[in-house]
Each structure stands twice: as C-alpha cells, then as structure tokens.
Amino acid sequence: MNRFTTVLWDVDGTLLDFLYSQRYAITKCFRSNGREITEEQLKRYSQINDNYWKRLELGEISKEQLLTGRFVTLFEEYGITDINLDAFLREYQEALGSVFAYLDDSLAICRALKGEVQQYVITNGVTSTQRNKLQISGLAELMENVFISEQIGVPKPQREFFDYCLEHIEEKEKSRILIVGDSLTSDIKGGILAGIPTCWYRPDTAVNNTSYEPDYEISDLHQIFDIICAKDDKRHR
Ligand SMILES: [Mg+2]
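Bear in mind that the values here come from a model prediction, so they are computed numbers and not experimental data.

How each quantity is defined
Residues numbered from 1 in each chain as written. Predicted model: local features only at pLDDT ≥ 70, side-chain atom pairs only at ≥ 80, totals over all residues. Heavy atoms only, no water. Axes fitted to C-alpha atoms, helices over the stretch in contact; angles between N-to-C directions. Helix = DSSP H or I, 4+ residues; strand = E, 2+ residues; numbered from the N terminus. Left-handed = near helix turned anticlockwise from the far one by under 90°. Contact = heavy atoms within 4.5 Å. Nonpolar A, V, L, I, M, F, W, Y, C, P; charged D, E, K, R; others polar. Phe/Tyr/Trp six-rings, centres within 6.5 Å; stacked < 30°, edge-to-face > 60°. Buried < 20%, exposed > 50% of the residue type's maximum accessible area, 1.4 Å probe, protein only. Lys NZ or Arg CZ within 6 Å of the ring centre and 35° of its normal. Donors = N, O, S within 2.8 Å, 3.2 Å for Na, K, Ca; no water.

Chemist: Residue-level account of the packing of helix 1 (residues 18-32) against helix 4 (residues 85-96), with values.
Modeler: Between helix 1 and helix 4, whose axes approach to 8 Å, the crossing angle comes to 145°. For the element pair helix 1 and helix 4, the recorded crossing hand is right-handed. Taken together, the residues of helix 4 that come into contact with helix 1 (itself represented by Phe-18, Ser-21, Gln-22, Tyr-24, Ala-25, Ile-26, Lys-28, Cys-29, Phe-30 and Ser-32) are Phe-88, Glu-91, Tyr-92, Ala-95 and Leu-96. Considering only residue class, the contact of helix 1 with helix 4 consists of ten nonpolar, three polar and two charged.

In structure tokens, the structure reads:
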C-alpha cells in the first residue's frame, strides 16, 4: 500500500508555469491597447499581483478587489490612463486561460500516478481561466475533481476551503492525503491549519521565511514518486 492514497495539487506554479501564462497574457493585452509592456513593468506587475494575493489569503480583500486592483495599481504607478479597464480585465482573464506550460513534465507525472493515487486540484484562481487551462493541458481528465476557491466561496489557506475538499473526496483519513504546492502561505499553511500533510514544491531558490513547516520539500516534481509511493512495509525491512 502506498503511504498516500490521495494528492491535492495546486496548479499555478506547481503543475503549470504561471509566469509563462502571465507574461503571454499581459503582453497580449498591452498590445491590444497599442502598447509594449517593458520588462520592468512586468516585474513590477508580478510583485503587485503577489501582494494582492497575499492580502486575499489573509482575508483582507475580495477576489473582485484583487482582479481589478492589481491593474489599477500598475496603471497608476506608470501613469497609464488610456486603457479601458473593463475590456482589459476581460481580455486578460481569457488570455491567461488560453496558454499553458508544464512544470517538470507534470502531465506525464500525473498520468503515471493515475491508478496509484486519486488526484484532485485545489486552486485559488478564477474559475473559467483555471478550467480552460486544465482542459487544454490535459490535466483535467486525470483529476477526480477540481476545487476552485471562487466556487467554494473561500480561498486557500482558509480552513473552510479544505473542509469543503475533505467532504468531497473519497479518502477520509487525513494522514493519507498529501497537499503539494509552491505557496507557503496558501498551500502549506492551509494544510497545517486543516491537519493534512504537506509537500512544498520549492520554486527555484526560494527560502522559507515563514513559520509554516512543510512535512516534505521537493525541488523537482519527479521527487513526488518517492514520497507518495513509498510502501508502508519499507520500515519492516
Ligand atoms: Mg501556486
């Protein structure tokens, strides 16, 4: 028997390369408005976006405020006043869900795990964007179910998000479920609050500056096989 029967996967920054999709979408939308986004603006947008997400995770702002506010802030900082915000937001969200790039052969890894464990997606993204990306990437069909914060009504790391997931997955023993994600403040903190084991997919050279200690840490998704598939009988050898 495997150590874990169930995996809850984060999507952005874990299975799929969010920065790739973000760069594509924002570049496209700037061009629609007759502009070229600079590398500096792109970098700044990433920081602004991360900030808004942190505030959402803390319950300080709503999803609507995040979706709009991040671009309002960007445009204000660079004195951009000639872009129609509503049209920009619509186009951005659509573009974001229209391209994807795998991280570490994530599709092949999820495919190989099919049958070994039950796999679910846990994500804070926008429903239509996430569904599109999961569909065209082929990941959706490998998942038993997809849990999106917008539909549940609360985002990761909040306890209610994971309570909802626990009610809707087959495995009832928390110790046999593994959360895999790149965010310490949403995936790992969420797992700790909910009492579910966690695996931090450490992006590049990131350092853990938080008080949230994951049970496992990996830097390449292939390492997940050793964690999930370790047989229970190993310790008897
Ligand atoms: Mg993530």
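Chemist: Let's hear about the packing of aromatic side chains: which residues, and what values?
Modeler: Following the criterion strictly, the structure yields 13 aromatic pairs and no others. Consider the rings of Phe-71 and Tyr-92, whose centres lie 4.9 Å apart with planes at 70°: the pair is edge-to-face. Of this pair, Phe-71 sits in helix 3 (residues 63-77) while Tyr-92 sits in helix 4, and the two are 21 residues apart along the sequence. Comparing Phe-71 with Tyr-92 shows no difference in burial state: the two are buried. The ring of Tyr-52 has Arg-55 lying over it, and the distance from NZ or CZ to the ring centre is 5.5 Å.

Chemist: Give me the coordination of the magnesium ion: which residues, what numbers.
Modeler: Only Asp-10 (OD), Asp-12 (O) and Asp-182 (OD) from the protein coordinate the magnesium ion, and they sit 2.1 to 2.2 Å from it. The sequence motif formed by the donor residues of the magnesium ion is D-x1-D-x169-D. Judged by relative accessible area, which is 6%, Asp-10 ranks as buried. Classification of Asp-12 as buried rests on a relative accessible area of 19%.

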